[in-house]
Amino acid sequence: MSDSFAMSSLFGDSLHIKGSDGKKTDVSTDSHLNNKVVLVYFSAHWCPPCRGFTPSLGEFYNTMQSKGQVPFEVVFASSDRDEGAFNEYYNEMPFASMPFSNRAGKEKLAAKFGVSGIPMLVVLDTDGTVLSKKGRNLVASDPQGLNFPWKPKTMTEELGTDFVGQGGTAVNKSSFDGKFVGIYFSAHWCPPCRQFTPKLVDFYNKRKELGHDDFEIIFASSDKDKGQFDEYFGEMPWLALPFQDARKEALSNRFDVEGIPFFVILDPERNVITTSARNAIMSDPNGLKFPYYPDPVENLSNGVESYGFDINAKPALVVLMENGDDSDQADAKEALLPFGTRLAKEKKDSADGPELLFFYAFEPSGMASQVRSLCKLPAVEKSGDDPVMILLNIPDKGGFYKSDATEVTTATVQAFVEGFQAGSLERQQLGK
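Residues numbered from 1 in each chain as written. Predicted model: local features only at pLDDT ≥ 70, side-chain atom pairs only at ≥ 80, totals over all residues. Heavy atoms only, no water.

Asks: Would you mind showing me how to read the overall build of the chain here?
Replies: When its secondary structure is counted, the chain shows 14 helices and 22 strands. A globule of 432 residues ought to have a C-alpha radius of gyration of about 22 Å, and the chain, at 24 Å, matches this closely. Here the C-alpha coordinates of the chain stretch approximately 75 × 65 × 40 Å along the principal axes. Classification of the 432 residues of the chain by burial places 49% in the buried group. Long-range contacts, defined here as pairs at least 24 residues apart, represent 65% of the contacts in the chain between residues at least 6 apart. (Helix = DSSP H or I, 4+ residues; strand = E, 2+ residues; numbered from the N terminus. Rg over C-alpha atoms; globule rule 2.2 N^0.38 Å. Buried < 20%, exposed > 50% of the residue type's maximum accessible area, 1.4 Å probe, protein only. Contact = heavy atoms within 4.5 Å.)

Asks: Explanation requested: the pattern of salt bridges in the structure shown.
Replies: Inspection of the entire model under this criterion finds 13 salt bridges. Among the salt bridges present, the one from Asp245 reaches Arg247, with a minimum N-O distance of 3.0 Å. With a shortest N-O distance of 3.0 Å, Asp396 and Arg427 are connected by a salt bridge. Residue Asp396 is found in the loop between strand S20 (388-393) and strand S21 (399-402), and its partner Arg427 is found in the loop between helix H14 (410-422) and strand S22 (428-429); the two are separated by 31 residues along the sequence. Take Asp396: its relative accessible area is 12%, and that puts it in the buried class. Each of Lys106, Glu107 and Lys397 takes part in one network of salt bridges that share partners. (Salt bridge = Lys/Arg side-chain N within 4 Å of Asp/Glu carboxyl O.)

Asks: Any chance you could explain the sheet that holds strand S18 (residues 316-320) here in plain terms?
Replies: The strands making up a sheet associate through backbone hydrogen bonding, with each pair oriented either parallel or antiparallel. What the six strands build is an open sheet, ordered S15-S19-S18-S20-S21-S22; its pairing is mixed. At either end of the open sheet lies a strand with only one pairing partner, and these are strand S15 (298-299) and S22. Two elements, S15 and strand S19 (residues 357-361), share two bridges in a ladder whose sense is parallel. Bridge pairing in S19 places Glu298 opposite Phe359. Of the strands in this sheet, S18, S19 and S20 are in contact with helix H13 (residues 366-374), which crosses S18 at around 105°. Across the sheet, H14 touches S18, S19, S20 and S21, and the angle it forms with S20 is around 25°. (Pairing = 2+ DSSP bridges. Axes fitted to C-alpha atoms, helices over the stretch in contact; angles between N-to-C directions.)

Asks: Sorry if this is basic, but what is going on with the side chain of Thr197 here?
Replies: Relative to the helices and strands, Thr197 resides in helix H8 (residues 191-209). Exposure remark for Thr197: the relative accessible area of 2% places this residue in the buried category. Thr197 has contacts with Tyr184, Ser186, Tyr232 and Met236, leaving out every residue within four places of it along the chain.

Asks: Which parts of the structure should I look at to understand the pairing of S18?
Replies: Each regular strand shows side chains that alternate between the opposite faces of the sheet. The buried fraction of S18 amounts to five of the five residues, a majority that puts the element mostly inside the structure. Of the two faces of S18, both are covered, the one formed by Ala316, Val318 and Leu320 as well as the one formed by Leu317 and Val319. As paired strands, S18 and S19 are joined by five bridges and run parallel to one another. When the sheet's bridge partners are listed, Val318 is paired in S19 with Phe359. Sheet analysis places S18 next to S20, joined by five bridges and oriented antiparallel. Bridged to Val319 within S20 is Met389.

Asks: I keep staring at empty space enclosed by the protein and nothing clicks. Help me out?
Replies: All told, the structure shown has two cavities of 30 Å³ or more when counted by the stated rule. Around the largest cavity, the lining residues are Leu320, Met321, Glu322, Asn323, Gly324, Arg372, Val380, Asp385, Asp386 and Pro387. (1 Å grid on protein atoms, 1.4 Å probe; cavity = no way out; pocket = protein on both sides within 12 Å on 5 of 7 lines; lining within 4 Å. Points joined across faces, edges and corners; volume = space filled by probe spheres on them.)

Asks: Honestly, a negative patch on the surface in this entry has me stumped. Any pointers?
Replies: Together, Asp325, Asp326, Asp328, Asp331, Glu334, Asp386 and Glu407 make up a negatively charged patch on the protein surface. Residue position: Asp386 is located in the loop between H13 and S20. (Patch = residues over 30% accessible without salt bridge, like charges linked within 9 Å, V, L, I, M, F, W, Y side chains within 5 Å. Areas by Shrake-Rupley, 256 points an atom, 1.4 Å probe, with all protein chains shown as cover. Lys, Arg positive; Asp, Glu negative; His and termini not counted. Charge placed at Lys NZ, Arg CZ, Asp CG, Glu CD.)

Asks: I tried to follow the nonpolar core on my own but got confused; where do I start?
Replies: A general trend in soluble globular proteins is that nonpolar side chains are found buried together. The biggest cluster of nonpolar side chains holds 28 residues, and the ones touching the most others in it are Tyr184, Leu200, Ile217, Phe219, Phe233, Trp238 and Phe263. It is H8 that contributes the most residues to this core, six residues altogether. With near-sequence residues (within four places) excluded, Phe219 lies in contact with Tyr184, Ser186, Phe229, Tyr232, Phe233, Met236, Trp238, Leu239, Ala240 and Leu241. Of all hydrophobic cores here, the second largest spans 25 residues; its members include Val74, Leu121, Val139 and Trp150. (Core = buried A, V, L, I, M, F, W, Y, C linked by side-chain atoms within 4.5 Å.)

Asks: Before we go on, may I ask you to explain the packing of aromatic side chains in this structure?
Replies: What describes a pair of aromatic rings is the distance from one ring centre to the other and the angle between the planes of the rings. A complete count under the given rule lists 36 aromatic pairs for this structure. Aromatic side chains Phe60 and Trp150 sit 5.5 Å apart centroid to centroid with 25° between the ring planes, which places their arrangement in the stacked category. Taken together, the residues Phe60 in helix H3 (residues 48-67) and Trp150 in the loop between helix H6 (135-141) and helix H7 (155-159) connect sequence positions 90 residues apart. For the residue pair Phe60 and Trp150, the accessibility class agrees, reading buried in each case. Ring centres 5.8 Å apart and planes at 5° place the aromatic pair Phe219 and Phe229 in the stacked group. Taken together, the residues span a long stretch of sequence, with Phe219 in strand S11 (residues 215-221) and Phe229 in helix H9 (residues 226-233) at a distance of ten residues. Judged by its relative accessible area of 0%, Phe219 falls in the buried class. Judged by relative accessible area, which is 3%, Phe229 ranks as buried. Cation over ring: Arg136 sits above Phe53, and NZ or CZ is 6.0 Å from the ring centre. (Phe/Tyr/Trp six-rings, centres within 6.5 Å; stacked < 30°, edge-to-face > 60°. Lys NZ or Arg CZ within 6 Å of the ring centre and 35° of its normal.)

Structural data, given as structure tokens:
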């Protein structure tokens, strides 16, 4: 473990572990987890999928401990409704657990990792870095831990080297080295995909016709058979992963693709520019804003995503200044920019994205009014009303925080952000 990181900052000072007799004892978190990969298991006895997965996780744990190749631990973070249910459930587990009494710590941990459903298994490296939030899938697909601890590949490694061109020709990645790359998750059986594909073809061909040879697209198919794949790919002028290539599933997991069509754009160094490229192209079919680098501070009226991450899935600082003077609004955005830029840059290569998203609302749009309503704020009445700084943390069961500041300056934004990071702000609950 690095000198600057302590596992106790995540799990609290002590953990329960099982002795050789199966009885529960308490140990120091830092001494027990020092230099170990940690799997955080969010689960509960009342949850049938959890009870279905727990025996598999127990078998995996025992298998890996018997091998002793990679020091690791599983830590159970309980969502049980009372201590009796927790004790009954924990009796079935061979690994460590946060004490049930540490409810606040468990809730904070769940919010940190964006837990919206259980069972969920988060894989942490020895320094607390998230290796994967899909540990449940990894255990199921690799029960012997042959690839444990499943350290993620770089984007370049994940993408691979060999692709298919029109007519089934083999194409090497060198054909698009130094170019922007779009990864298009789609399928012939999907009506929205078939609606979007011709628009994407027009976009792609138009760039070629204008002499822009800086962009390639790779089709990642969810078609159900090779015939559908061939027919659909025949409509496309770009490259594809071979049908049923394992890279498609790996890339889907990397980008959390839950529905199609889904379109990602990577820069020439294979950093993610946006995972919302479909929306970008629909609103900019002539590619005037290509390659769609997100603004570190987004206009809430344009939507709820920044850097491809949704305000519903990540904490977001929002400045409401609907009827403000133009100069004051410009100053407020200028105050937000350094924070949005810095936090985005720190996580440029991370699938988790920035710790915070940043938005402003400078006109009384429906989105701004909705935020005011959810936060139980008064409607805007007149020009010159004081700005309002809100920090939404919807993943934390609909929590939010309100700044007391009446001005948006670098100092007030910094104080608000630091207060959130330190956990010193008063949490409030969003209404309906």
